[in-house]
Amino acid sequence: MAESKTGPAWTGNYLQDYGRRRGLMAWLTTTDHKRIGLMYMMAMFFFFTVAVMLGVLIRLELMNPGMQYVTPRVYNSLFTLHGVIMIFLFIVPGIPAVMGNFILPLQLGADDVSFPKLNLASWYVYIAGAVLALTSLFAGGGVPDTGWTFYAPYALRSGSNVSLAVFAAFVLGFSSIMTGMNFITTIHRLRAPGMGFFRMPLFCWGLYATSWIQVIATPVVGITLLLVIMERWLGIGFFDPARGGDPVLYQHLFWIYSHPVVYVMILPAMGVISEILPTFAGRTVFGYKAIALSSMAIAIVGYMVWGHHMFTVGMSDTARRVFSILTFLVAIPTGIKVFNWMATLYKGSIRIEPPLLWALGFVFLFSIGGLTGLVNGALATDIHVHDTAFVVGHFHYTMFGGAGVGLFAAMHYWWPKIFGRMYNRKRAIWAWGIFMVGFNVLYFPMLVLGIMGMPRRYADYLPRFHTPELISTVGSWILVSGLILMVWNLIRAIKHGEPAPANPWGGTTLEWQTTSPPPQLNFAVAPTVTTGPYDHTALRAAAAKEAQ
Amino acid sequence: MHDSHTTGGHAQPAAHGDGHAGDHAAHAPVATGTFVMVWVALLALTMVTVAASVWFPGKVGIGVAMVVTPIKAALILMWFMHLKYETAVFRVMFLSAIMILALVMGLTFFDYSFR
Amino acid sequence: MAGASSYSGMVDKTFWMILGSSVIMLLGITATMILFMVKYRRSRHPVASDIEGSATLETLWTVLPTVLVMVMFYYGWAGFKVMRETPKGAMPVTVQARMWSWSFKYENGKQTTELYVPVGRPVAVNLESADVIHSFFVPAFRMKEDCMPGRHNHAWFQAEREGVYDIMCAEYCGDKHSAMLSKVIAVPADTFDVWLERGGGRPTGLKLMQIKGCVACHTSDGSKLVGPTYKGLFGSKVRVTTNGVEREVLADEDYLRRSILQPKADIVVGFQPQMPDMAGQLDDEDIKLIIDYIKRQ
Amino acid sequence: MHAEGGTLGAAAVSPAAAAHHEHRDDIGSKTGMWLFLFTELLLFGGLFIIYAVYRHKYGTEFHEAAHELNKAMGVTNTFVLLTSSLTMVLAVGALQRARVAESLRWLGATFGLACCFLVIKFLEWSAKHHHGIWPGGEHLHAMPPGEGMFFNLYFMMTGLHGIHVLVGMGVMGSIAARIRSGHVSPSRYAALEFTGLYWHLVDLVWIFLLPLFYLTN
Ligand code: HEA
Ligand code: HEA
Ligand code: CUA
Ligand SMILES: [Cu+2]
């Protein structure tokens, strides 16, 4: 056909309707990876908002000793839902399904992912899982109250809607697997001409490692959760001590998935940071191969450490030692990443912009999270802090301060690309500042509480824990203010922001070579690659020319 | 669905990726005789395991099964499932998946065999 | 909070060692970040240099952290080793956990709801659970080990100072998880010996029900908690579900005994099957005393 | 899901381009298919871990319980399934050689053998059911824990495998229809090839189930 959508005659972009269907229907039937990414974003933020409210409610209840607003039973449901939604609906699909979907094909110089229909299907499966999860709240039997870990035998006995919630997690797992399969294939098959594996942007490497974990670990928890349902239904007794089953085996199977899955959360976030730092330092990344390969190392070693969640369940002492030493090993590739990031700033030409601030916030908060992980990993100390607020502090620092902040960094970095608009810089920096303060006021006291001996999942506590709990609750309010400011700033930009140029930050990867927002088929001219991903020489030459 | 705006044709499928040039994964079909031989081998190996378990129940029978079953699996994978004729990428991927499963099972037994 | 067991010092030392090196690393990283941010910002350093990497540095920051984490592992292991090696001659105590109470059984049959221990003598705890997983956590002693249904986990400690220390349940176990508290009361060894000999023998029915935590779920005054009340129970007709079939049974002695030993056999209509399986924690004589008590309500 | 493997793969190119000139990435689709097979493998992998643990814990009980299984039926079923794998590769080979009718015949044979497998399985299960050996059944409930575990594992693992056989049969049916309508043809046979891969995986899993359950005494 004569008119070309990406040629000079066509000025539209993927946000505008094209083709037969219009409006909502066009979105719901789209196979465009960019639109699917946005649909994930919408759905995810809806659930995130729900879970956030639950989190704030938890803090409100814990502000003072004694029960104030809810019964213990309701409290137990609160943290269960908060955990389930945050993990299965928000942070696991978070960066891969939103940012991965949008950015991966662009960075590879491809039109779309390998299986666009599967991609759309995975969104629907995600929604189906989410609907199931929400149904479990209202269907008879009561809100699940097991914690997000569904430990047997409590989960086998609880009269609440555990089966439905567990089934929801099972369905969501499938969505995650589909995304993983899609990304691996896309990375293997659709890289632009000239882009060898070691010329791939580091975000793609992060997603590649992540996808392997999704494909290989998720089925294990799938079958485990299915067996929990069978057990509740038919009493097959695999995990029920009354029938000769072993509850510890349930924990093994659960963590065989759920430890690797924490790297599903963090690896893409680390990828985002590896993109942002070179861009704003205006130089190439330091130690490209080390960062790329350490992602794979984390993914592989990450399979071998799950036992560190079980140091007190009565595993053999040998197993405890083996898992402890392996846990320490997984910290090393993470350390390599952090050090290379620091070195990337060295002798750069740094511009302080909101994405960079979020990235540095990531490094700071995630380091605290990771380093507290070492306290958990050491046997003697984990015996004391296991299942206390210390662990709660650790995983909020890693998941929220790490993966969550990584997502926020990605949003600030790619927002102009996604919507073609700039947000207000000053407001973004304020929001970041308030967030950083609120975050630490909220979660640092939890580390202290844990060391003092405050167990987690406690609806009520002894008076001696009062002061840190109170400080923490106040922190949650500061955090909320910062986040609301951030979200408002971003949403406002979609309508009222300045139009964004194709490459507002001076990035070197392929997504910056196309217009903002990108056209429906991503690139007007199919890109070819002749250099590594972070080669700034061309940009610098262009800037020098302009200065003359 | 989008045919009102067709691209200038820059959509690039597998022209690059892992470095294959526009291949459609076509191999010369494997000879039927090869498959029949594999099948005969599979049946024979099955008989071996069954015989071992009937005549030498216990350790020997189980030992034979533990050696023979992976061989049968390899036959299926290599010939029936074509792994022998695919690029190395597939074999590497398959081995990694199996290694992870083995690793995980092994680590689990650090708990069960020491308590 | 100060440690009060023989090995809490080891644990704290490990903790400070890891925390110390972590703080140093965190401060180092943060300071570097800020320094580079100031020194190399575009206005002061307009032209970046592309440094691709350095094999020396990569090796350095692979090897040094490896050494460091191995030291951390070693400390953690050393402290843990002490925790796992119960000294010979330690006094055995059985810790019985159930939804949502603790009881303690001494070798001479004495049973309590608070754990009395002698200062300066090792105590070996044998951990049991009647229903779901609980976790025996004494923060001041830096000790924690789960009570697993169907298994016997073990741990030990030795109180170094007199005092009263919290026991908390650290594994989520249902509605009153956060109320599953008790105390360790560490007293001088000679006082302890006197205490242990006093008040031995079998408790009364009511006392037993307090010790075994029945009172957490049942009352005698007609109000219902997690479980039904005992008031007017004996001799009444109870609607129960047996294997999914609803039926009416007479609450006689046999029924009561079955309710206690195999609580999942008949589930009273209107209640969840949450009652712990008390078979392992009560003997025949105990059960008789309890039934006698229920009869009188 | 795997059924779509082929079609989705064929649609890997953006639709706009597809309208223009036909593009497919068979290797890409095959990569996706293998990834899917890995997830299947790991799904069973979870059960294999459980089996290993309880075999370790209840060795003697497992040996006792295995006596109750019908070895002859298990072995027959193995032969049936192995043969069906052969007919499956022959179906693919025939299509590659553009012998469509022959390919359909081999596919039909595979389908028939799958039916045969399920019938034998059904007879076996109903014999057990008859004796109250059934998940949740009272005889199974009354068994010593280890033996109960053996049978519950047996039902879960062969049950999950049986579901895979059923799904495989469904896929074969739809592929046969698509061969007949020409959507799957000697020049685009990937969908049939992937059905084959899936079917061999089902076979592969059974190869392991045989010694684990039937040859364990
Ligand atoms: C994004 C999620 C995420 C990430 C990335 C991590 C990362 C790590 N986690 Fe965490 N963890 C969780 C999420 C995460 N965790 C969750 C959700 C739980 C609780 C689940 C539950 O029970 O509900 C948990 C629980 C948990 C436990 C169990 C605690 C208990 O219940 O008793 C342990 C124990 O070892 C642990 C350890 C670690 C370690 C060693 C790392 C390492 O990967 C960290 C590596 C990072 C660093 C070390 C910091 C950065 C590096 C440097 C600054 C360089 C210098 C470093 C060195 C020289 C070492 N985690
Ligand atoms: C990514 C994961 C994640 C995130 C982000 C959070 C966020 C928060 N969590 Fe989280 N938490 C978990 C994962 C997470 N949590 C998990 C897995 C558990 C364990 C559950 C279990 O034990 O089973 C847990 C448990 C847990 C506990 C322990 C409960 C207990 O053991 O007794 C507490 C207690 O304070 C807590 C508090 C909070 C608070 C106050 C926030 C909040 O701070 C969040 C603050 C953010 C905001 C307030 C955002 C405000 C913005 C808006 C309202 C607008 C948003 C709208 C749009 C974007 C459109 N959480
Ligand atoms: Cu018992 Cu928590
Ligand atoms: Cu972990």
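Computed from a prediction, not measured in an experiment: that's the story for all the values here. (Residues numbered from 1 in each chain as written. Chains lettered and ligands numbered in written order. Predicted model: local features only at pLDDT ≥ 70, side-chain atom pairs only at ≥ 80, totals over all residues. Heavy atoms only, no water.)

Asker: Which residues make up the overall build of chain C, and what are the values?
Answerer: The helix and strand tally for chain C stands at 6 helices and 13 strands. In terms of overall dimensions, chain C is more spread out than a globule: its C-alpha atoms have a radius of gyration of 28 Å, far above the 19 Å expected for 297 residues. On the principal axes, the C-alpha backbone points of chain C span a range of 90 × 50 × 30 Å. Scored against the burial criterion, the 297 residues of chain C give a buried share of 49%. A fraction of 65% describes how many contacts in chain C between residues 6 or more apart in sequence connect residues 24 or more apart. Split by element, the accessible area of chain C, about 13,500 Å² in all, is 59% carbon and sulfur. Here chain C carries 33 positive and 32 negative side-chain charges, and the mean point of each set is 4 Å from the other. (Helix = DSSP H or I, 4+ residues; strand = E, 2+ residues; numbered from the N terminus. Rg over C-alpha atoms; globule rule 2.2 N^0.38 Å. Buried < 20%, exposed > 50% of the residue type's maximum accessible area, 1.4 Å probe, protein only. Contact = heavy atoms within 4.5 Å. Areas by Shrake-Rupley, 256 points an atom, 1.4 Å probe, with all protein chains shown as cover. Lys, Arg positive; Asp, Glu negative; His and termini not counted. Charge placed at Lys NZ, Arg CZ, Asp CG, Glu CD.)

Asker: So what about the confidence of the model for chain A? Which residues, and what values?
Answerer: For any part of a model where pLDDT is low, the fine detail of the predicted coordinates should not be relied upon. Residues and elements named next belong to chain A. Looking at chain A, pLDDT values average 90 and 97% of them are 70 or higher. Highest mean pLDDT in chain A belongs to helix α11 (residues 354-377) (96); lowest belongs to helix α1 (residues 23-28) (82). A low-confidence stretch, residues 1-10 (pLDDT under 50), is modelled with 20 contacts involving residues beyond four sequence positions or located in other chains. (pLDDT = per-residue confidence, 0-100.)

Asker: Quick one: what's the story with the environment of A378(A), residue by residue and with numbers?
Answerer: Residues and elements named next belong to chain A. Take A378: it is sitting in the loop between α11 and α12 (379-385). Assessed through its relative accessible area of 0%, A378 is described here as buried. A sequence separation of 90 residues divides A378 from Y288, and the C-alpha atoms of the two residues are 31 Å apart.

Asker: Give a description of the coordination of the copper ion (ligand 4) that names residues and reports values.
Answerer: The copper ion (ligand 4) binds to the protein through H259(A) (ND1), H308(A) (NE2) and H309(A) (NE2); the donor distances cover 1.9 to 2.1 Å. Mapping the donors of the copper ion (ligand 4) onto the primary sequence gives the spacing H-x48-H-H. (Donors = N, O, S within 2.8 Å, 3.2 Å for Na, K, Ca; no water.)

Asker: A description of the sheet that holds strand β2 (residues 101-106) of chain C should follow, citing residues and the corresponding values.
Answerer: With respect to topology, 5 strands assemble into an open sheet ordered β3-β2-β1-β5-β8 (chain C), the strand pairing being mixed. Strands with a single pairing partner mark the edges of an open sheet, and in this sheet they are β3 (111-112) and β8 (153-158) of chain C. (Pairing = 2+ DSSP bridges.)

Asker: Tell me about the site of ligand 2, and please be specific about residues and values.
Answerer: Residue and element names in this part refer to chain A. Close to ligand 2 lie 31 residues; R59, Y75, H82, H396 and R457 are nearest. Between ligand 2 and Y75 there is a distance of 2.5 Å, counted from an oxygen atom to a side-chain nitrogen or oxygen. Between ligand 2 and the protein, one listed contact pairs a nitrogen atom with a side-chain N or O atom of H82 at 2.7 Å. Going through the elements one at a time, α2 (33-62), α3 (72-108), α13 (389-419), α14 (425-452) and α15 (466-496) are the ones with two or more residues in the shell around ligand 2. (Near = heavy atom within 4 Å. Polar contact = N/O pair within 3.5 Å; in protein donor to acceptor, adjacent residues only side chain to side chain.)

Asker: Any chance you could break down the site of ligand 1 for me, citing the residues and the numbers?
Answerer: What surrounds ligand 1 is a group of 35 residues, the closest being Y263(A), D382(A), H386(A), H394(A) and R456(A). Residues lining ligand 1 come from chains A and C. Here Y263(A) contributes a side-chain N or O atom positioned 2.9 Å from an oxygen atom of ligand 1. Contacts to ligand 1 include N376(A), whose backbone N or O atom sits 3.3 Å from an oxygen atom. Elements that contribute at least two residues to the shell around ligand 1 include exactly α8 (247-281), α10 (317-345), α11 and α13 of chain A together with α1 (8-39) and α2 (55-84) of chain C.

Asker: How would you explain the domain arrangement of chain C if you had to name every residue and give the values?
Answerer: Residue and element names in this part refer to chain C. What the domain assignment reports for chain C is domain 1 (8-45 + 52-84), domain 2 (91-197) and domain 3 (205-295). Of note, the centres of domain 2 and domain 3, computed from C-alpha atoms alone, are 26 Å apart. On the side of domain 3, 14 residues touch domain 2, which itself brings 16 residues to the contact. Across the domain 2 to domain 3 interface the summed buried area is about 1,200 Å²; carbon plus sulfur atoms make up 50%. On the domain 2 side of the contact with domain 3, R98, Q111 and A130 bury the most area, a combined 37% of that side's loss. Our count for the contact surface shared by domain 2 and domain 3 stands at 0 salt bridges. In this assembly, domain 2 and domain 3 are joined by 5 residue pairs in polar contact (both at pLDDT 80 or more). (Domains from an automatic or database assignment. Buried area = accessible area lost by both parts, 1.4 Å probe. Salt bridge = Lys/Arg side-chain N within 4 Å of Asp/Glu carboxyl O.)

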